[in-house]
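Secondary and tertiary structure notes
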Amino acid sequence: MSDYNSKLQRRLTLLNVWSLAFGGIIGWGAFVMPGTVFLKRAGTLGTLIAMETAALIMLIMSYNYAYMLKRYPVSGGEFVYAKRSFGKTHGFICAWFMSLCYISIIPMNATALCLVFRAVCGNIFQFGFHYVIAGYDIYMGEMILALSALFFFAYVCSLPVNIAGKLQTVFAGLLLGGVLIILAGVIFDSGITSSKLLPMFLPKDSSHGGYTGQVISVLVVAPWAFVGFDIVPKVSEESAFPADLGKNIMDSAILCGCFVYVVLTMIAASGTPESYSGWVEYVDALPGLSGISGIATFSAAYKVLGRAGVWVISISALSAMLTGILAFYTATSRLLYSMSGENMLPSWFGELNRNNVPFNAVKFCLVVSALAPFAGRNALGWTVDMSSIGGAVSLAYTSLASVRFAVKEKRIDMIIFGSVGFVFSVMFALLLLIPVEGLECSLEGPSYILLAIWVILGVMFWRNMLKDKN
């Protein structure tokens, strides 16, 4: 391996790294998607089956990551695995799609801050100039809020990495603690009973894909929903414990993430406001609602614990957003740093500041992310949708790389795990790219256009880089 990585400092504890992985998995989406995606696509039992299946698939993926991590315990993660296994071109392809996936999540969490304040505090940040893009109202005050979060956490990432790790651990604790408090409130109020969770699937007249199609429609979001566990390899050189523990961290983060997704979905269904006959009628009405009632999980928290419940879940949701920003600043900057060390990006990205962190790479993430609040969340959502393809690509390369090494070492178990991981990765990508009748999982029209532009830009960048080297 190149010795450029030796400059990074091993200051992250096991708990810090787990918090980065868990915080990467659970962001704003975990609080809003139960009402807007999960219940709407598959119902309560369908979501439970889909998320547990997704977690099982990701546990298989973690075998492949752990296997490769032992061979290349460096900050590049999947990029290094692809490059060392299949060459520079494949390494670039993997990194190009990974960077899309990672960077898009940063501003998505930052711009979600205003949604919490809209729900809890009304229009407190809706001041200054105002315009509309793709049907989303953009206010100067809310842009200032998002940009403040982006700048603050970029500053945090300029400090020694253990400070960011400690802050991430605090936020992860608040995130998980808030979810558990709301869960306890629901249980002690009247419990999560089967009658409240009915119907277990969407009524057949509301779904053309049948029960299996409903499950698949939620399952396909797995590459996006569980992206974050792969942060563990990105910080392996800054972790003050053996790389062999990486798999345990990834597995526990995946299982905890699955727990939070499922619990919040069940809370959203069981906490349906009294004015609705059940969660089916409620989620259908959500697009026309605002405030607390416009977010199913927040409405449930208010129902069981009143205003105190709203504050608890608000703190939990805000913590989820902040962990997402910090986790993906860290992961993306380490990816760019590694690409620079492998001579696939300018050396500027590989320069460390006095605290031995790749702050130039962080600044690049900040500049790109700071453009997003001006476009609004609906337009940004198209980018996030296509970023799921990036997650699938990185999973596929890691799985295929593990197969290649396993064949050389005659490791039958890893050949099986790697092959299964690759098949599922391809399946995720195809379901996202190819519309299937009865399944609500393919990209929206604008996402296809943005994905095509991203691919074209990647081809142009790669060709220019090759010309410069020749």
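Quick note: structure is the one above.
Just so we're clear, the structure is a prediction, and the values are computed from it rather than from any experiment.

**What about the overall build of the chain?**
Scanning the chain from N- to C-terminus turns up 17 helices and 2 strands. Here the chain has a C-alpha radius of gyration of 21 Å; the compact-globule value for 470 residues is 23 Å, and the two agree. With the principal axes as the frame, the chain shows a C-alpha extent of 65 × 50 × 40 Å. Here the chain holds 470 residues, and 58% of them are scored as buried. At a minimum sequence separation of 6, the contacts of the chain that also span at least 24 residues come to 80%. On the chain, roughly 18000 Å² of surface is accessible, and the fraction owed to carbon and sulfur atoms is 66%. One finds the centroid of the 29 positive side-chain charges in the chain at a distance of 10 Å from the centroid of its 24 negative side-chain charges.

**Here we look at the nonpolar core**
A general feature of soluble globular proteins is that nonpolar side chains tend to end up buried together. Ranked by internal contacts, the top residues of the largest apolar core, which has 167 residues, are Ile26, Trp28, Phe31, Phe226 and Tyr329. In contact with Ile26, not counting residues within four places along its chain, are Phe31, Leu175, Gly257, Val260, Tyr261, Ala320 and Thr323.

**A closer look at unusual backbone geometry**
Excluding glycine, a negative phi dihedral is what most residues carry, and trans is how most peptide bonds are arranged. Cis geometry marks the peptide bond from Leu198 to Pro199, where omega comes out at -5 degrees. Relative to the elements of secondary structure, Pro199 occurs in the loop between α7 (194-197) and α8 (210-219). In this structure, Asn343 takes a positive phi of about 60 degrees despite not being glycine. The class for Asn343 is exposed, based on a relative accessible area of 55%. For Lys410, which is not a glycine, the phi torsion comes out positive at approximately 55 degrees. Take Lys410: it is sitting in the loop between α15 (377-409) and α16 (412-433). On the basis of relative accessibility, which here comes to 72%, the residue Lys410 falls in the exposed class.

**Structural notes on the packing of helix α3 (residues 78-86) against α15**
The N-to-C vectors of α3 and α15 enclose an angle of 45 degrees; their axes lie 9 Å apart at closest approach. The angle between α3 and α15 places the two elements in the oblique class. Crossing angle aside, the handedness with which α3 passes α15 is left-handed. Residues Glu78, Tyr81, Ala82, Ser85 and Phe86 of α3 touch α15, and the partners they reach there are Ser394, Tyr397, Thr398, Leu400, Ala401, Arg404 and Phe405.

About the thresholds
- Residues numbered from 1 in each chain as written.
- Predicted model: local features only at pLDDT ≥ 70, side-chain atom pairs only at ≥ 80, totals over all residues.
- Heavy atoms only, no water.
- Helix = DSSP H or I, 4+ residues; strand = E, 2+ residues; numbered from the N terminus.
- Rg over C-alpha atoms; globule rule 2.2 N^0.38 Å.
- Buried < 20%, exposed > 50% of the residue type's maximum accessible area, 1.4 Å probe, protein only.
- Contact = heavy atoms within 4.5 Å.
- Areas by Shrake-Rupley, 256 points an atom, 1.4 Å probe, with all protein chains shown as cover.
- Lys, Arg positive; Asp, Glu negative; His and termini not counted.
- Charge placed at Lys NZ, Arg CZ, Asp CG, Glu CD.
- Core = buried A, V, L, I, M, F, W, Y, C linked by side-chain atoms within 4.5 Å.
- Axes fitted to C-alpha atoms, helices over the stretch in contact; angles between N-to-C directions.
- Parallel < 35°, antiparallel > 145°, perpendicular 65-115°, else oblique.
- Left-handed = near helix turned anticlockwise from the far one by under 90°.

So far we have only geometry, and geometry alone does not tell us how the molecule works.
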